[in-house]
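Single-letter residue listing:
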Amino acid sequence: MRKWSVWLLVTGLFSIGLVSLGAAEREAEKPATVVEPAEEPPSDLVVPAKVLVNAKVVDWQELLKFLPKTPEGWRAQKPTGKIQKLGPFAVSEVRQVFLKGGQRIEFILEDLGSNNPYVFRKEAWQPLEKKTEEAVSKKIMLGETPAELSILEKTRQALVFLVFEKRIQLNVSGTAMTEGEVLIELAKQIDFKELKKTLDEKSK
């Protein structure tokens, strides 16, 4: 499924940056939602030949205010954040985990910066609507913002995924669940107008 391969695509570009800069190999922690090997890059991905300027990205502390409130009956762990820079690439990230019995939700909000695969695609990201034996994916709306909901019934996993402004990537993943209503409610708490304002005013 493409949303779990996007992170690998981004880190792949980071690796290209390492080679071009002659830097040492970097190990990166993979998000918990990465469950499949990387697929081939999208056919509409255009990698620029010219040298990239340093990416603009918001500090992870600016993203903290977009974390959702704890759902009723759930317990929230302390949120974490980080920013990673490598040559012209940068990623800012906040994440928070919610627990309820044997269920677990991981909310990850990332700013992939102004040098990432989505920026160089000819077509903007769109939710995938697809049904296979392993998963069902469908388009949902978070207010005026389109997103993608995927349900993997056999493994009891669910995921809300979206790309916003060609650089914000949201993963709200749940384990030990076969529906995504609670994930959708968490994602709906994001004020996307305020998020765009933050990108426009706080990126550096």
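Everything here concerns the structure above.
The text that follows walks through the structure, step by step, so that each part is easy to find. (Residues numbered from 1 in each chain as written. Predicted model: local features only at pLDDT ≥ 70, side-chain atom pairs only at ≥ 80, totals over all residues. Heavy atoms only, no water.)

**Things to note about the pattern of salt bridges**
Think of it this way: side chains of opposite charge can pair up when their charged atoms draw near.
Here comes step 1: Throughout the structure, instances matching the rule amount to six salt bridges.
Here comes step 2: One salt bridge in this structure joins Glu194 and Lys65, with 3.8 Å as the shortest N-O distance. Of this pair, Glu194 sits in helix 4 (residues 192–202) while Lys65 sits in the loop between helix 2 (60–63) and strand 1 (75–76); the two residues are 129 residues apart in sequence, bridging distant segments of the chain.
Here comes step 3: For Glu194, a relative accessible area of 30% translates into the label partly exposed.
Here comes step 4: For Arg95, the salt bridge is made with Glu106, and the minimal N-O distance between the two is 2.6 Å. Highlighted residues: Arg95 in strand 3 (residues 89–100) and Glu106 in strand 4 (residues 103–111), separated in sequence by 11 residues.
Here comes step 5: The network of salt bridges with shared partners includes Glu93, Arg95, Arg104 and Glu106. (Salt bridge = Lys/Arg side-chain N within 4 Å of Asp/Glu carboxyl O. Helix = DSSP H or I, 4+ residues; strand = E, 2+ residues; numbered from the N terminus. Buried < 20%, exposed > 50% of the residue type's maximum accessible area, 1.4 Å probe, protein only.)

**Some remarks on the pairing of strand 6 (residues 136–142)**
Here comes step 1: Note that strand 5 (residues 130–131) and strand 6 share two bridges and pair antiparallel. When the sheet's bridge partners are listed, Lys131 is paired in strand 6 with Val136.
Here comes step 2: The turn joining strand 5 and strand 6, which pair antiparallel and follow one another in sequence, is formed by four residues.
Here comes step 3: In the sheet, strand 6 pairs with strand 7 (residues 145–152) via seven bridges, with the strands oriented antiparallel. Its bridge partner lying in strand 7, Lys139 is registered against Glu148.
Here comes step 4: Connecting strand 6 to the next strand, strand 7, in antiparallel fashion are two residues, including Gly143 with a positive phi near 70 degrees. (Pairing = 2+ DSSP bridges.)

**Things to note about the environment of Thr198**
Here comes step 1: Tracing the chain through its elements places Thr198 in helix 4.
Here comes step 2: We classify Thr198 as buried; its relative accessible area is 3%.
Here comes step 3: When the C-alpha positions of Thr198 and Val58 are compared, they lie 7.7 Å apart, and in sequence the two are 140 residues distant.
Here comes step 4: The contacts of Thr198, once residues within four sequence positions are left out, are Val58, Glu62, Lys65, Phe66 and Ser203. (Contact = heavy atoms within 4.5 Å.)

**With respect to the packing of aromatic side chains**
Here comes step 1: If you walk through the whole model with that rule in mind, you get two aromatic pairs.
Here comes step 2: The interplanar angle of 55 degrees and the centroid separation of 5.2 Å between the aromatic rings of Phe164 and Phe192 together place this pair among those described as tilted. Note that Phe164 is positioned in strand 8 (residues 157–164) and Phe192 in helix 4, a separation of 28 residues in sequence. Phe192 carries the same exposure label as Phe164, and that label is buried. (Phe/Tyr/Trp six-rings, centres within 6.5 Å; stacked < 30°, edge-to-face > 60°.)

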